[in-house]
Amino acid sequence: MQITERQIDDFKSDRKDITPPLPVVLRLVPLLFYCSIAVAVILSSIFAIQFQFAVQKRDNHKTMTASLGAQTQDTRSQRTALEAQIKKATDIQNWVASSRPLQPLLLAITRSMGPRSSIVDLRLDRETDNPSQIKMNLSMGTDSTKQLDLTVEKIAALNYRAFSPTQTLGRGELDYKATLVHQDPLGRQNEEAPR
Amino acid sequence: MNNKHIACGIVALFIVLLVQLTLWVQGNRTKVQSEASAAQDAETAANLQLTKERGQLGDLRRQSTDLIEFLRIWQPYFTTIDNPQSAEVNLSMLIKEANLVNLAQRFEQTPVKGNASIPNTMRATLTFEDDYARLLNWLGDLEVKMPTVRTSSARLSKGTRANDLRMEIILEQPLLSK
């Protein structure tokens, strides 16, 4: 079947006003668009990978910091417990140091008495504020100071040192007062174990 | 402005959006990297703190070895009697066992100054009149058997009989805080 020329003309509309082409600079815009897509994808991928690494690193550091904090806290608790133990040990040591038996001292004093001497009254009192210091108050029935010298010598043999000694002799009785302080000959603390 | 110009504008807008998106991703990365760096600094500081604390604990342990050993040896003696009732019963039993002539005895609980671990003591004020040797031997035995007991005061004077001695003593049994 043949189409007439007139019928073909009907399919084509007349194009009177064709839009002018874009300037050269604006023609680069689509090209720039494609380039920007490529660059954005590449850079965003790199940034995303770096982001993931940084997140992992940050979380690892945070976990490690928390673990170190817990260990520090545990160490502090141990230190506090140890300090409490030290305080207790110091208190007990102070008590033990100021609780040295008095019986050897009493025994030494009574045994030091010669045949012509006797103890009228012997008093040993620990000082309230400093119990390691002992106030000694001795009244002896004697007629000479030689007995006192012997008694003081026996006391010194037990490593007690007499401070502020005073003596009064009169009518066959001698009064001796002193403050006794035990001194370890080796300068050690009282560390020996109980027997 | 024709359609081509409008299309160009839209494409340019898309380019700006892509740049903004890329900058946003970069900003997030930089922010997290800063956080990671801060976390690393915090870890370093925590590590230093731990090293310091451990060092101090080690020093304290070394310095207190003797004291802790002292405590280990002596503490059982203090914990054996830790209440006023048992202290009183124990001392009464020791007096009774010795069969000494006991003229007077008084027990009272007294506070101890400046000793937080031993806040109180059971104080026994005792008066005896008996043989010289028996009394002093008893006191010696007591001080050995009960090493924690402190003889706060002792007074010796003549007794009524020739070989007798009058002894007034104050004994203090420490009561360890719980």
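### Things to note about the overall build of chain B
Phase 1: Each helix and strand counted, chain B has 4 helices and 4 strands in total.
Phase 2: Ordered by position in the sequence, the α and β elements of chain B form the string α-α-α-β-β-α-β-β.
Phase 3: The globule rule puts the C-alpha radius of gyration for 178 residues at 16 Å, and the 40 Å found for chain B is more than 25% above it.
Phase 4: Principal-axis analysis of the C-alpha atoms places the extent of chain B at approximately 140 × 30 × 25 Å.
Phase 5: The burial tally for chain B puts 25% of its 178 residues in the buried class.
Phase 6: Across chain B, contacts joining residues at least 24 apart in sequence account for 63% of those joining residues at least 6 apart.

### Observations concerning the interface of chain A and chain B
Phase 1: Taken residue by residue, the interface counts 64 residues in chain A and 64 residues in chain B.
Phase 2: By residue number, the principal contributor to the side of chain A that touches chain B is helix 2 (residues 24-97) of chain A, which donates 43 residues.
Phase 3: Counted by class, the side of chain A that touches chain B contains 32 nonpolar, 18 polar and 14 charged residues.
Phase 4: Note: strand 1 (residues 118-126) of chain A against strand 3 (residues 150-158) of chain B, 5 bridges, orientation antiparallel. When the sheet's bridge partners are listed, A:Leu122 is paired in strand 3 of chain B with B:Leu156.

### Quick word on the environment of A:Thr168
Residues and elements named next belong to chain A.
Phase 1: In this structure, threonine 168 sits in strand 3 (residues 160-170).
Phase 2: Taking the C-beta count within 10 Å as the criterion, threonine 168 has 10 such neighbours and is therefore assigned exposed.
Phase 3: Separated by 23 residues in sequence, threonine 168 and threonine 145 place their C-alpha atoms 9.8 Å apart.

### Overview of the sheet that holds strand 2 (residues 120-131) of chain B
Phase 1: Here we have 8 strands laid out as an open sheet, ordered 3(A)-4(A)-2(A)-1(A)-3(B)-4(B)-2(B)-1(B), and antiparallel in their pairing. Every interior strand has two partners, whereas the edge strands, strand 3 of chain A together with strand 1 (102-111) of chain B, have only one. Strand after strand, the sheet turns through a mean of 15 degrees between neighbouring axes, direction not considered.

### Things to note about the confidence of the model for chain B
Residue and element names in this part refer to chain B.
Phase 1: Chain-level pLDDT for chain B is 92 on average; 100% of the residues reach the 70-or-more range.
Phase 2: Across chain B, the element-wise mean pLDDT spans from 89 in helix 3 (residues 84-98) up to 95 in helix 1 (residues 3-63).
Phase 3: For this predicted complex, the interface score ipTM comes out at 0.84, alongside a pTM of 0.78.

### Some words on helix 3 (residues 103-111) of chain A
Phase 1: For helix 3 of chain A, the full list of buried residues reads A:Gln103, A:Leu105, A:Leu106 and A:Ile109. Taken end-on, helix 3 of chain A shows its buried residues confined to a sector of 160 degrees, consistent with a single buried face.
Phase 2: Residues of helix 3 of chain A that are buried make contact with strand 1, strand 2 (133-141), helix 4 (146-157) and strand 3 of chain A together with helix 4 (132-145) and strand 3 of chain B.

### Quick look at the pairing of strand 3 of chain A
Residues and elements named next belong to chain A.
Phase 1: Taking burial as the measure, the 11 residues of strand 3 include 1 buried ones, a minor fraction of the element.
Phase 2: Of the strand pairs in this sheet, strand 3 and strand 4 (residues 173-182) are connected by 9 bridges, and their pairing is antiparallel. Paired with alanine 162 across the bridge in strand 4 is leucine 180.
Phase 3: The hairpin turn running from strand 3 into strand 4, its antiparallel successor, is 2 residues long, and arginine 171 in that turn takes a positive phi close to 50 degrees.

### A short note on the domain arrangement of chain A
Phase 1: Domain boundaries assigned for chain A yield domain 1 (26-97) and domain 2 (103-182).
Phase 2: Once you take the C-alpha centre of each, domain 1 of chain A and domain 2 of chain A turn out to be 72 Å apart.

### Regarding the pairing of strand 2 of chain B
In the case of a regular strand, side chains alternate between the two sheet surfaces.
Residues and elements named next belong to chain B.
Phase 1: Pairing between strand 1 and strand 2: 9 bridges, direction antiparallel. Across the sheet, asparagine 102 pairs through a bridge with phenylalanine 128, a residue of strand 2.
Phase 2: Taken together, the 12 bridges between strand 2 and strand 4 (residues 164-175) define a ladder with antiparallel strand orientation. Bridge pairing in strand 4 places alanine 124 opposite leucine 171.

Cut-offs and rules
- Residues numbered from 1 in each chain as written.
- Chains lettered and ligands numbered in written order.
- Predicted model: local features only at pLDDT ≥ 70, side-chain atom pairs only at ≥ 80, totals over all residues.
- Helix = DSSP H or I, 4+ residues; strand = E, 2+ residues; numbered from the N terminus.
- Rg over C-alpha atoms; globule rule 2.2 N^0.38 Å.
- Buried ≥ 20, exposed ≤ 12 C-beta atoms within 10 Å, placed from the backbone.
- Contact = placed C-beta atoms within 7 Å.
- Nonpolar A, V, L, I, M, F, W, Y, C, P; charged D, E, K, R; others polar.
- Pairing = 2+ DSSP bridges.
- Axes fitted to C-alpha atoms, helices over the stretch in contact; angles between N-to-C directions.
- pLDDT = per-residue confidence, 0-100.
- Arc of directions from axis to C-beta.
- Domains from an automatic or database assignment.

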